[in-house]
Amino acid sequence: MMHYLVTGGAGFIGTHLCNYLISLGHQVSILDDMSFGDQSKIHPKAKLIIGKIEDSNLCLEVTKNIDGVFHMAAFSRSGPSFDMPEQCHESNALGTLNILQACKKNGVKRIVYSGSSTFYGNKIGVQKEGDPGDFLNFYGLTKHVGELYVQQFYRNFGLECNILRYFNVYGPGQPATGAYALVLGIFIDRFKKGERLEIHGSGEQRRDFIHVLDIVKANVVAMNSETVGEIFNIGSGVNYSIKELANFFPIENFHTERRSGDAEETLADISKAQKYLDWNPEISLEQGISQLIEE
Ligand SMILES: NC(=O)c1ccc[n+]([C@@H]2O[C@H](COP(=O)([O-])OP(=O)(O)OC[C@H]3O[C@@H](n4cnc5c(N)ncnc54)[C@H](O)[C@@H]3O)[C@@H](O)[C@H]2O)c1
């Protein structure tokens, strides 16, 4: 049995990860400032510490006697990052640095970092880990700064790491309304309420959707893999236009203005994760959506 720290463990992906780790018999601590987390969804066996990753003393405290850290706490959305670049930087760059310093001081063996496909910006076509970055907003930029810090701690201090660049994550518990909701969550919410679906721009933008339970499994293999110090795309390897996505729902739709800072296309090349982590996505978008509609 291991004792893991999940930063951001009260969030959408974090709650699923904590549940899975506990089901495997591990001990789980969560550091979360509850800015977006939901306390009612936290597993009763998880220990919740409420606080910020910007607090370096607290980071030191919570990484004592921890075997591995899943670092998920972040200012986690692109659009709102335009209005709050400082906060975004403090959480995603400085907060990550605090966690790394604390891991180093307390001898934590490995960190798995939640990276983002926003790294690839406007790259059209399949996106590979070695492609150059293209940052459309402060979120994408600062999440990449976090990646660089993680790699630097591996190179300089031998703190083991793996970086997972998630594509568009969806599944139960995803935000459905407000500035933090992503397209699929909004579509499901509107469909259930019988409201027309709103498509930003032409709807030709394509997205690679990946189910949250596939993300959770990728985290666990990245924590235990022989391969370390690497970046892996974690997506499904197929993408759908927003129009095609809307067609999964038997309800009318309408178009509004395109949002700035949105990428044209996301599409993961997942061959590296398949080869080195022996990880494969298991839940298709069709399966995932029908489960969500039935919920
Ligand atoms: N959801 C996606 O599609 C997606 C895609 C790519 C990457 N990611 C990354 O995955 C991670 C988890 O994303 P999510 O969708 O679960 O987001 P989320 O916003 O639901 O979860 C993030 C959690 O971190 C907490 N948090 C935020 N700032 C904090 C701070 N400064 N100190 C402590 N806690 C803080 C929030 O309260 C929340 O519970 C994030 O790092 C995000 O950048 C998510």
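Nothing here was measured: the structure is a model prediction, and the numbers come from that model.

This brings us to the site of the ligand. The environment of the ligand is formed by 30 residues, the closest being Asp32, Glu54, Ser76, Tyr139 and Lys143. Residue Tyr139 places a side-chain N or O atom 2.6 Å away from an oxygen atom belonging to the ligand. Mapped by element, the contributors of at least two residues to the shell around the ligand are helix H1 (12–23), strand E5 (110–116) and helix H4 (138–157). Broken down by element, the shell around the ligand gets its largest block of residues, 3 residues, from E5.

What follows deals with the environment of Leu184. Note on placement: Leu184 falls in helix H5 (residues 183–193). You can call Leu184 buried: its relative accessible area is 2%. The spatial distance from the C-alpha of Leu184 to the C-alpha of His211 is 11 Å, given a sequence separation of 27 residues. If near-sequence neighbours (up to four positions away) are discounted, Leu184 is found in contact with Tyr170, Gln174, Phe209, Leu245, Phe249, Leu285 and Ile289.

The subject of this paragraph is the packing of helix H3 (residues 85–106) against H4. Between two packed helices, what matters for the description is the angle formed by their axes and the separation of those axes. With their axes 9 Å apart at the nearest point, H3 and H4 run at an angle of 15 degrees to one another. Put simply, H3 runs roughly parallel to H4. Classified by chirality, the crossing of H4 by H3 is right-handed. Contacts between H3 and H4 involve Pro85, Cys88, His89, Asn92, Ala93, Thr96, Leu97, Leu100, Gln101 and Lys104 on the former and, on the latter, Phe138, Tyr139, Thr142, Lys143, Val145, Gly146, Tyr149, Val150, Phe153 and Phe157. A breakdown of the residues in the contact of H3 with H4 according to their chemical character gives 12 nonpolar, 6 polar and 2 charged.

Cut-offs applied
- Residues numbered from 1 in each chain as written.
- Predicted model: local features only at pLDDT ≥ 70, side-chain atom pairs only at ≥ 80, totals over all residues.
- Heavy atoms only, no water.
- Near = heavy atom within 4 Å.
- Polar contact = N/O pair within 3.5 Å; in protein donor to acceptor, adjacent residues only side chain to side chain.
- Helix = DSSP H or I, 4+ residues; strand = E, 2+ residues; numbered from the N terminus.
- Buried < 20%, exposed > 50% of the residue type's maximum accessible area, 1.4 Å probe, protein only.
- Contact = heavy atoms within 4.5 Å.
- Axes fitted to C-alpha atoms, helices over the stretch in contact; angles between N-to-C directions.
- Parallel < 35°, antiparallel > 145°, perpendicular 65-115°, else oblique.
- Left-handed = near helix turned anticlockwise from the far one by under 90°.
- Nonpolar A, V, L, I, M, F, W, Y, C, P; charged D, E, K, R; others polar.

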